[in-house]
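# Coordinate analysis (summary)
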Amino acid sequence: MAPPGAAALEAGAVQLLLRNVDSRTTVIRARREDTVGSVLDRLGNGAADSGGELRLRAVHAGRELPRGATVGELGLPWDATLHVSYRLVPAPHADARRLASEIAAAARLAAATVGQAYVAVSLELLVRRFLYSARAAHQGKSNSALGPVAEHLGIFLRSGVPGVLVQLYQSDDERRRAEAERAIRCFLSPDPPEGKSIVKALTAPVLLEFCASFDAGASKGDPLYAALRAMAATVLSDPEWTPGLWGDVPRRRVAEHLIRLARETAIAVVVEIAGAYRSQSQPAAARRNLVEFKTFWFALRPQVLELDADTQLRPWRKVLSQALEALLKSVKDCMTRFEMNLPPAAAAGRKHNSSSSALPKWTASLHSVWAVLAELDAWSDVHHAMRTTLAAHPRAVTALVLSAGSELSETIRWITRHRDLLEFEARRQLAMAMLPELVRGANAPPPHEMLIDRGRLLPDSFGYIAHATPQELRAVLSVAFKHEQATGPGVLREWFCLVCQALFNPRLVLFSACPQDRRRFFINPTSVVDPLHLEYFEFAGRMIALALRHKIYAGVFFDRTLFLQLAGRPITLDDIADTDPSLHASCKKILEMDASLVDSNILELTFVREDEVLGSRTVSELFPGGKDIAVTSENRYQYIDLLIQDRFVNCTRRQLAYFTAGFRIMFNKWKPWTQFFASLDIEDFDRMLGGSKGTIDVNEWRAQTDYRGYKEKCRQIKWFWKAVENMTVEQQGRLLFFWTSVKCLPSDGFSGLGCRLFIYRASSSRDHLPTSQTCFYHLNLPAYTSLSMMQRRLHMIVQEHVSSGFGAS
């Protein structure tokens, strides 16, 4: 052949002679940067089958040329002869492809010959071989390297085997039906019982495809379909399952399959809720349906969110909306029936009885109702309608929360986002569920016993509480005062109230009273004058948590800024009105000023805060360089937010940290203590810790009192209540404390004490003062001979220095 011309040499071209195995020669002009593979590809690809692909190879001068090497790198001369032949390159997962093809072919053959004799091929054996091949592909790899197994199962799906097997299962031929069922059931236990679970974790797409292949009418009541659906729920509910395990299955197909299963389980749960109040509930089936309901709806949510704009999913989206509306209707009906069947006490708005005997028998469906409500809350389609339903049935929702118990307390915490729709009893129940129960009974640790000197109330109490372990504080507390015989719950209540009163006394400088409401307290930023102030803040946090756990109304009310910090919520300008009225008024004026006046710098304000601490004037920047930034109409909102943050958060950050460290010691490590406040507003916390802020209703007091040795018409009893009516509010409170060790009544008054009060006829002389047994709410009243004598004796025991610690027990 003629040598190359100048133009070809300049272009770097090479003429190659490619000789095939049949001795035919093909002439190809190639550039020096062309690879051997690209040159061979011009001859065309070889044939392919399930076993692999026939790929061309080139040999020159007795050696095979690498397909990735270039002509220039190999230094091939002009008219170089390349001998071309074929090489079989095994296809990836060839065994999987072959077995899937065999299973599909055998199933189609069996389906095509229904009613005819045929040589049976064991579908079960083929499927088991396929699963063995999948496990073998994983051998020698780490547990997390499941790619080969997923690829095997992907081949199974793409081959159409699930649909073919289900079609054969739904045939009328019992023999073929049984053969198909045995093959399908292999996926219910794809791993050997003694080995690691390798294939099972990846079977969700296959299981869903099996379920989707059933005819809608034929699947109802079919045991195989039920088993496949249950196994799919088991796989999807595994904590290690992630959406990435769907593999290369189209997300739209996944969503369609899940919507079908979600709809089915929704119908089952609706039937369960409706059947519960007809006494038609089946507990085992209800539990299974509920697990599947929660699993499929949880798995469906991210798929629908990802594909919401997919027009091809709209028909399925309509099905989903109908299912959500059916769930909402079932909850509405449930709430209505629930309220109709509530006991009169709960229905009348009085103190709720959360015992099982006080609620309708059909509350066995409680788990289902909560699961449906949680799911409705997660979907924007019906979120507003769900809130409307809760708002329309507050008594039913409260009763459901109260009857939830500890087993449901964690799963229903989502409802704290709707605390504005809940009654106080429900909000309190959700908060108190975060605190550990007091350990009582045979396995209870010994009581944490304290002997307190009244003259050293705070130091002694600090020693016992601040140095106690969490386990000791979660045991029963037992308090006695030195040189006094009284013990029991009454003394414990008295001790709590006295310690809290002392801790929040402004003279201790830990807390300051709000100027607008002296009963409310916030952290005093000048508490640093006491070298032990941080330790005492931690002690105070422990005392507050203990008071809540023991349900002691300590008569302490937190300022809004302190409560919001404990709850992890931001503090706004309106929140500081009671704490610092002067700062609040100044900030309001800045915001209301004309923008041009603010921009004229008439206020001469920069981003700093001036304060007087212990007689010294201090200036602190609200952010680095703040002293050089003037306050303008555009940044005044930022200025006020930073000012509030610095005044109420930054300057007491350490004190609050120690207080919360003490407070959270009562909580389990796995329960964030901030969740305690998630269901509460400050008014709720007031009622739980402070009790009632109103005056004592003497008529209610009298109605809550029984008599032993006296009758209500006795003159001593009439004189007693007349004397009580003539007392001041403070004196009435001291008499109540002397009688019961209750500093403040519960928010629902005397009925919230849990038991009635008693006046006993004392056997002592008329010259003696009344005594009390605070543990049992007993007042021992001598038979005084006149109203004036009654008033003088009662006046003596309501003196501030006498009313504490005078009772017998």
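Shown above is the structure to which this text applies.
Everything quoted here is computed from the prediction, not taken from an experiment.

## Thoughts on the overall build of the protein chain
For the protein chain, the helix and strand inventory stands at 34 helices and 17 strands. Relative to its 809 residues, the protein chain shows a buried fraction of 49%. Expressed as a percentage of contacts within the protein chain between residues at least 6 apart in sequence, the contacts between residues at least 24 apart total 71%. As displayed, the protein chain has an accessible area near 39000 Å², and 52% of this comes from carbon and sulfur atoms.

## Points about helix α24 (residues 533–549)
For α24, with 17 residues, the first-to-last C-alpha span of 24 Å sits near the 24 Å given by 1.5 Å per residue. For α24, a buried count of 15 out of 17 residues is recorded, marking the element as mostly surrounded by other parts of the structure. Remark: K551 follows α24 within two positions and exhibits a positive phi of approximately 55 degrees.

## So, the side chain of S85
Mapped onto the fold, S85 is located in strand β6 (residues 80–90). Leave out the neighbours within four places in its chain, and S85 touches V21, R55, L56 and R57.

## Observations regarding the environment of A326
Position of A326 among the secondary structure elements: in helix α14 (residues 314–341). Here A326 falls in the partly exposed class, since its relative accessible area comes to 36%. For the pair A326 and R263, spaced 63 residues apart in the sequence, the C-alpha separation amounts to 9.7 Å.

## Observations concerning a nonpolar patch on the surface
Where nonpolar side chains cluster on the molecular surface, the patch consists of L597, I602 and L603 and spans about 250 Å² of accessible area. Among the secondary structure elements, L603 is positioned in the loop between α27 (595–599) and β12 (608–613). Under the relative-accessibility criterion, L603 is labelled partly exposed at 33%.

## Description of the nonpolar core
By size, the foremost hydrophobic cluster in this structure holds 101 residues, and its most contacted members are L165, W297 and W370. Looking at this core, the element that brings in the most residues is α14, giving nine residues. Judged by nonpolar contacts, the second largest core, of 81 residues, contains A431, L503, F504 and L562.

## Looking at the pairing of strand β2 (residues 25–31)
Every other side chain in a regular strand lies on the same face of the sheet, so the side chains alternate between the two faces. Note that strand β1 (residues 13–19) and β2 share seven bridges and pair antiparallel. The residue of β2 that forms the bridge with L18 is T26. The antiparallel hairpin formed by β1 and β2 contains five residues in its connecting segment, where S23 sits at a positive phi of about 70 degrees.

## Topic: the sheet that holds strand β14 (residues 705–708)
In spatial order, the strands read β14-β15-β17-β16; together these four strands make up an open sheet with mixed pairing. At either end of the open sheet lies a strand with only one pairing partner, and these are β14 and β16 (771–773). For this sheet the average axis-to-axis angle between neighbouring strands, irrespective of direction, equals 25 degrees. The pairing of β16 with strand β17 (residues 778–781) spans three bridges and is classified as antiparallel. Across the sheet, Q773 pairs through a bridge with H778, a residue of β17. Here helix α33 (residues 729–740) sits on the sheet and contacts β14, β15 (757–761), β16 and β17; the angle it forms with β15, its principal contact strand, is near 80 degrees.

## Overview of unusual backbone geometry
Positive phi is not limited to glycine here, since A61 has a value of about 55 degrees. By the element assignment, A61 lies in the loop between β4 (52–60) and β5 (63–64). A61 gets classed as exposed once you look at its relative accessible area, which sits at 71%. Phi is positive for K551, which is not a glycine, with a value near 55 degrees. Position of K551 relative to the elements: it lies in the loop between α24 and β11 (557–558).

Rules used throughout
- Residues numbered from 1 in each chain as written.
- Predicted model: local features only at pLDDT ≥ 70, side-chain atom pairs only at ≥ 80, totals over all residues.
- Heavy atoms only, no water.
- Helix = DSSP H or I, 4+ residues; strand = E, 2+ residues; numbered from the N terminus.
- Buried < 20%, exposed > 50% of the residue type's maximum accessible area, 1.4 Å probe, protein only.
- Contact = heavy atoms within 4.5 Å.
- Areas by Shrake-Rupley, 256 points an atom, 1.4 Å probe, with all protein chains shown as cover.
- Expected span 1.5 Å × (residues − 1).
- Patch = residues over 30% accessible without salt bridge, like charges linked within 9 Å, V, L, I, M, F, W, Y side chains within 5 Å.
- Salt bridge = Lys/Arg side-chain N within 4 Å of Asp/Glu carboxyl O.
- Core = buried A, V, L, I, M, F, W, Y, C linked by side-chain atoms within 4.5 Å.
- Pairing = 2+ DSSP bridges.
- Axes fitted to C-alpha atoms, helices over the stretch in contact; angles between N-to-C directions.

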